[in-house]
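Chains, contacts and geometry: an overview
Chain by chain, the residues:
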Amino acid sequence: MIFMKRLTLLIDADDTVLDFKNSERDAIIELCEQFCIDGGEAVADKFKQINRRMWDMFELGLITREEIFYSRFEELFAFYGIEDKNILEVGDAYRENMARSRRIIKGARAFLRRASLDHDLYCVTNGITRTQKMRMKSSGLGKYFKKLYISQEMNLAKPSKEFFQCVLADIGVVDLQDVYIIGDSLTSDVQGGINSGIKTILYNAENKQIKDIRPDYEVKNYRQLEKLIFELSK
Ligand SMILES: [Mg+2]
């Protein structure tokens, strides 16, 4: 029998296993219907731009999560000249729509099911506690993870070293040798791994250009990831 190492895999949620982009699009189009706002698809595109920029600022520590909840819709409505909506109400409805999403990245479910048999899987996400917990449940992916580490409830966020130290301490990892972070973001997942001495695997389905922040490994799809994990566990 071949001896296989048991790996500790820290796995990002959004756009790594959960399909954030399409969930966000669905949630905004539904929101437009709920609040009688014209232009569903275009509004979704605009929101995507605003939301991405705000989460980038969050990663840099420039704004708080609570500020994002308000500011992203404030900016969206200012752009379209919409003045008659209650931003807090709209924000709540958006997060509820997101929480109900079941969209998954292609290949993720099969990978998680198989990997969870041989390795210890933990989810590490910068999202919102209630939304992420509900999405993990609705999508059926939650059961493959031993635990979810969500930045909102930890009061720490990727890519900070403290976030990963807190996760590793809770898991009880002493040796980083067999620990890997897998994620689609160079600035939060790969940078976080670099900050905390964890080996990094970039899930790069989008062919992001790699410049300053360099992962140890790069995969383009789940087939490649499964193969890599198999090699690493030899
Ligand atoms: Mg991600």
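Residues numbered from 1 in each chain as written. Predicted model: local features only at pLDDT ≥ 70, side-chain atom pairs only at ≥ 80, totals over all residues.

1. Digging into the overall build of the protein chain
The criterion, for reference: Under the DSSP-based scheme used, a helix requires at least four consecutive residues in state H or I and a strand at least two consecutive residues in state E, with every element numbered from the N terminus. With the radius of gyration taken over C-alpha atoms, the globule rule is written as 2.2 Å times the number of residues to the power 0.38. Residues with at least 20 other C-beta atoms within 10 Å of their own are called buried, those with 12 or fewer are called exposed, and the rest are partly exposed. The C-beta atoms themselves are positioned from the backbone.
For the protein chain, the count of helices and strands is 10 helices and 6 strands. Over its C-alpha atoms the protein chain spans a radius of gyration of 18 Å, differing by no more than 12% from the 17 Å that the globule rule assigns to 234 residues. Considered along the principal axes of its C-alpha atoms, the protein chain spans approximately 65 × 30 × 30 Å. Taking all 234 residues of the protein chain together, the buried fraction comes to 35%.

2. Digging into the nonpolar core
Stated precisely, the cut-off is as follows: By our criterion, buried Ala, Val, Leu, Ile, Met, Phe, Trp, Tyr and Cys residues that link up through C-beta atoms within 7 Å make up a nonpolar core. This entry defines residue contacts through backbone-placed C-beta atoms, with two residues in contact when those atoms are within 7 Å.
Grouped together as the largest cluster of nonpolar side chains are 39 residues, with contacts concentrated most on Leu-10, Ile-11, Val-17, Leu-112, Leu-121, Tyr-122 and Tyr-180. Discounting chain neighbours no more than four positions away, the residues touching Leu-112 are Val-17, Leu-121, Leu-141 and Tyr-144. Listed in part, the 10 residues of the second largest apolar core include Ala-27, Ile-28, Phe-73 and Val-90.

3. Considering the domain arrangement of the protein chain
To be explicit about the condition: Reported domain spans reflect what an automatic or database domain assignment gives.
Assigned domains of the protein chain: these are domain 1 (8-19 + 104-232) and domain 2 (21-99). Relative placement of domain 1 and domain 2: their C-alpha centres are 25 Å apart. On the side of domain 2, 8 residues touch domain 1, which itself brings 12 residues to the contact. Secondary-structure elements contributing two or more residues to the side of domain 1 that touches domain 2 are helix 6 (129-139) and helix 9 (186-196). Here the element with the most residues in the side of domain 1 that touches domain 2 is helix 6; it accounts for 4 residues.

4. Focus on the sheet that holds strand 3 (residues 147-150)
Going by this rule: Any two strands with at least two DSSP bridges between them are considered paired. Angles here are taken between N-to-C directions and fall from 0 to 180 degrees, while the axes themselves are lines fitted to C-alpha atoms, restricted in helices to the stretch in contact.
Pairing in this open sheet of 6 strands is parallel, and the strands run 3-2-1-4-5-6 from one edge to the other. Strands at the two margins of the open sheet, each flanked by one partner only, are strand 3 and strand 6 (217-219). For this sheet, the mean angle separating the axes of adjacent strands, direction not counted, is 25°. As defined by bridge partners, strand 2 (residues 120-125) adjoins strand 3 across 4 bridges and the pair is classed as parallel. Looking across to strand 3, one finds that Tyr-122 is bridged to Lys-147. Packed on one face of the sheet, helix 6 meets strand 2 and strand 3 and runs near 150° to strand 3. Taken strand by strand, helix 8 (residues 161-171) contacts strand 1 (8-11), strand 2 and strand 3, and its axis lies near 150° from that of strand 2.

5. Description of helix 2 (residues 40-59)
Short version of the rule: Here a helix's expected span is defined as the number of its residues, less one, multiplied by 1.5 Å. Along the arc lie the directions from the helix axis toward the C-beta atoms.
The first and last C-alpha atoms of helix 2 sit 28 Å apart over 20 residues, in line with the 28 Å expected at 1.5 Å per residue. Val-43, Phe-47, Asn-51 and Trp-55 are the residues of helix 2 that are buried. Down the axis of helix 2, the buried set is contained in an arc of 90°. They therefore lie on one face. The exposed set on the far side of helix 2, more than 90 degrees from its buried face, consists of Ala-42 and Gln-49.

6. Description of the packing of helix 2 against helix 3 (residues 65-80)
The test is simple: Each angle receives one of four descriptions, namely roughly parallel if under 35 degrees, roughly antiparallel if over 145, roughly perpendicular if within 65 to 115, and oblique otherwise. Each crossing is labelled by how the near helix is turned from the far one, with a counterclockwise turn of less than a right angle marking it left-handed and a clockwise turn marking it right-handed. Any residue outside Ala, Val, Leu, Ile, Met, Phe, Trp, Tyr, Cys, Pro, Asp, Glu, Lys and Arg is labelled polar, Gly included; the first ten of those are nonpolar and the last four are charged.
Between helix 2 and helix 3, the least distance of the axes is 10 Å, while the angle of their chain directions is 150°. Overall, the two elements helix 2 and helix 3 adopt an arrangement that is roughly antiparallel. The crossing of helix 2 and helix 3 is right-handed. Within the contact between the two elements, helix 2 uses Lys-46, Phe-47, Ile-50, Asn-51, Met-54, Trp-55 and Phe-58 and helix 3 uses Arg-65, Ile-68, Ser-71, Arg-72, Glu-75, Leu-76 and Phe-79. For the contact of helix 2 with helix 3, the per-class residue count stands at 8 nonpolar, 2 polar and 4 charged.

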